[in-house]
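As a plain string of letters, each chain reads:
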Amino acid sequence: MAENTEAPLGMRYEVSDGAMLLHRSGTGGPPVVFLAGGGMSGLYYWNVHNLVAEFTTSVIYDRLGTGWSDVVDLPRSGTQVTDDLHELLRAAALPGPYVLVGHSLGGLYARLYAKRFPGDVAGAVLLDPTHEDIVDYLTEEKAQRLRDSYTDDPFPPEQLDPMRAAYRTTFGRALAAWPAEIREPLLDQGFSREGYRQSLREPMNLPRLFGEVRDAGPDPDMPLIFVSAMGIDTFAEELVPPEAHASLAESNQTKHRLYTDLAAALPRARVRRLDDAGHSGIVWLRPDAVVQAIRDTLSH
């Protein structure tokens, strides 16, 4: 274990494939562990992490290849990602069982972790999670477009710099109220040229991840809340042209139908619908709803 002098918060812990950054706050249990969206650092969940730390132990961390954890080749398999987390929590002396809070791609990893280590998991909150069954809810054209979108290097350099500049501005606006000592290193790391390219690489094996999650068997019987974001990220409206709003609304309805069907098939699952938050900004715009879902899972 060694202090990380670059990250604004956290310690680095050694696991088999490198050193990983983890930051904990609060006391008590079960500990709540946040699994970030694809390519994102755990510090993007700093605001809800602090709120959760008021009533239990709260943990944010960076997967290998992201944030302030060691650089590795991305994408990694779901088995590698969940093994990394399993090792990290033990290296940091954080005993389970845990409530896993997985956002987007982190929701897929959270479910795979629960399938592989069911005794370690007391419940889960899935924030607009990626799910392997989404392809069954799409038209064949849209399903094929989804499959085709995952390539080894999706953006050439001439597209990468304008994109990362636009996203840095957008995310900076979303986090404007955060302390500069948190916000600025987070933006500097996440939107450096290599940091941003790494963030794009992480989900590039999504079809294979879907197969891993299916092969891992059924979801364990545990308290589970799907939080379904039905809005458009208002802080990022310039990145979503008006002509795309109808398509996004349709995608949100499709996703919500999937979550509703999934919850109906699981004995202790529920769905919470948020009409005033979009996929990316759910934890920044509705931290109250996220924290309430965590509280309800802890008390279930």
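Residues numbered from 1 in each chain as written. Predicted model: local features only at pLDDT ≥ 70, side-chain atom pairs only at ≥ 80, totals over all residues. Heavy atoms only, no water.

1. Digging into the overall build of the chain
Formally: Strands here mean DSSP runs of E at least two residues long; helices mean DSSP runs of H or I at least four residues long; both are numbered from the N terminus. Note on definitions: a residue-residue contact is assigned when non-hydrogen atoms from the two residues lie within 4.5 Å. The Shrake-Rupley method, run with a 1.4 Å probe sphere, supplies the accessible areas, and residue values consider only the shown protein chains as cover.
Across its full length, the chain carries 11 helices and 9 strands. Of the contacts made within the chain by residues no fewer than 6 positions apart, 76% connect residues no fewer than 24 positions apart. For the chain, the accessible area works out to roughly 12,700 Å², and carbon and sulfur atoms hold 52% of it.

2. Describing the layout of surface pockets
Inclusion rule: Using only the protein atoms, space was sampled on a 1 Å grid; points where a 1.4 Å probe fits but cannot get out form cavities, open sets with protein on both sides within 12 Å along at least five of seven lines form pockets, and lining residues are those with an atom within 4 Å of a point. Grid points are joined across faces, edges and corners, and a volume is the space filled by probe spheres set on the points.
Put simply, the second largest pocket is a space of about 270 Å³. Along the walls of the second largest pocket sit 19 residues, with Thr66, Gly67, Trp68, Val71 and Gln189 positioned nearest its centre. Only α6 (180-190) and α7 (193-201) provide two or more residues apiece to the lining of the second largest pocket. A per-element tally of the lining of the second largest pocket places α7 first, with 4 residues.

3. Let's talk about unusual backbone geometry
The following threshold applies: Any residue under 20% of the maximum accessible area for its type is buried, any over 50% is exposed, and the rest in between are partly exposed; the area is computed with a 1.4 Å probe on protein chains only.
The peptide bond linking Gly29 to Pro30 adopts the cis configuration, its omega dihedral lying at 0°. Here Pro30 shows up in the loop between β3 (18-25) and β4 (32-35). Along the chain, Leu74 connects to Pro75 via a cis peptide bond; the corresponding omega equals 5°. Within the fold, Pro75 resides in the loop between β5 (58-61) and α2 (78-91). Positive phi, normally seen in glycine, also occurs at Ser104, with a value near 55°. Checked against the element boundaries, Ser104 lands in the loop between β6 (98-103) and α3 (105-116). Assessed through its relative accessible area of 13%, Ser104 is described here as buried.

4. A few points about helix α5 (residues 157-174)
Let me state the cut-off plainly: In this analysis, the expected span of each helix is defined as 1.5 Å times one less than the number of residues it contains.
In a regular helix each residue adds 1.5 Å, so 18 residues correspond to 26 Å; α5 covers 26 Å between its end C-alpha atoms and thus fits that length. Looking at the buried side of α5, the elements it contacts are α6, α7 and α10 (282-285).

5. A look at the packing of aromatic side chains
Basically, it comes down to this: Two aromatic rings, drawn from Phe, Tyr or Trp (for Trp, its six-membered ring), form a pair once their centres lie within 6.5 Å of each other, and the interplanar angle then sorts them: stacked below 30 degrees, edge-to-face above 60, tilted otherwise. In our convention, an over-ring charge means Lys NZ or Arg CZ found within 6 Å of a ring centre and within 35 degrees of that ring's normal.
According to the stated counting rule, one finds 11 aromatic pairs in the structure shown. Taking the centre distance of 4.9 Å and the plane angle of 50° together, the rings of Tyr113 and Phe117 count as tilted. Of the two residues examined, Tyr113 and Phe117, each falls in the buried class. Among the aromatic residues, those joined into a ring-pair cluster are Tyr44, Tyr167, Phe171, Phe191, Tyr196 and Trp284. The aromatic ring of Phe55 is capped on one face by Arg295, whose charged end is 3.9 Å from the ring centroid.

6. Comments concerning α2
Residues that lie three or four places apart on an α-helix share one face, since the helix turns once every 3.6 residues. Helix length check: α2, at 14 residues, gives a terminal C-alpha distance of 20 Å against a target of 20 Å (1.5 Å per residue), a fit within 8%. Among the residues making up α2, those that are buried are Gly78, Val81, Thr82, Asp84, Leu85, His86, Leu88 and Leu89. Backbone geometry just after α2 places Ala93 at a positive phi near 55°.

7. Points about the packing of α3 against helix α8 (residues 206-215)
The condition is simple: Orientation is described by lines fitted to C-alpha atoms, with helices fitted over the stretch in contact, and by angles between N-to-C directions that extend from 0 to 180 degrees. With respect to orientation, any angle under 35 degrees is reported as roughly parallel, any angle over 145 as roughly antiparallel, any angle of 65 to 115 as roughly perpendicular, and every other angle as oblique. Left-handed describes a crossing whose near helix is turned anticlockwise from the far helix through less than a right angle; right-handed describes the clockwise counterpart.
Interaxial distance between α3 and α8 falls to 10 Å at its minimum, and their mutual angle equals 30°. Classified by the angle their axes make, α3 and α8 are roughly parallel. In this structure, α3 meets α8 at a crossing whose hand is left-handed. Contact with α3, carried on its side by Leu105, Leu108, Tyr109, Arg111, Leu112 and Lys115, involves Leu206, Leu209, Phe210, Glu212 and Val213 of α8 and no other residues of that element.

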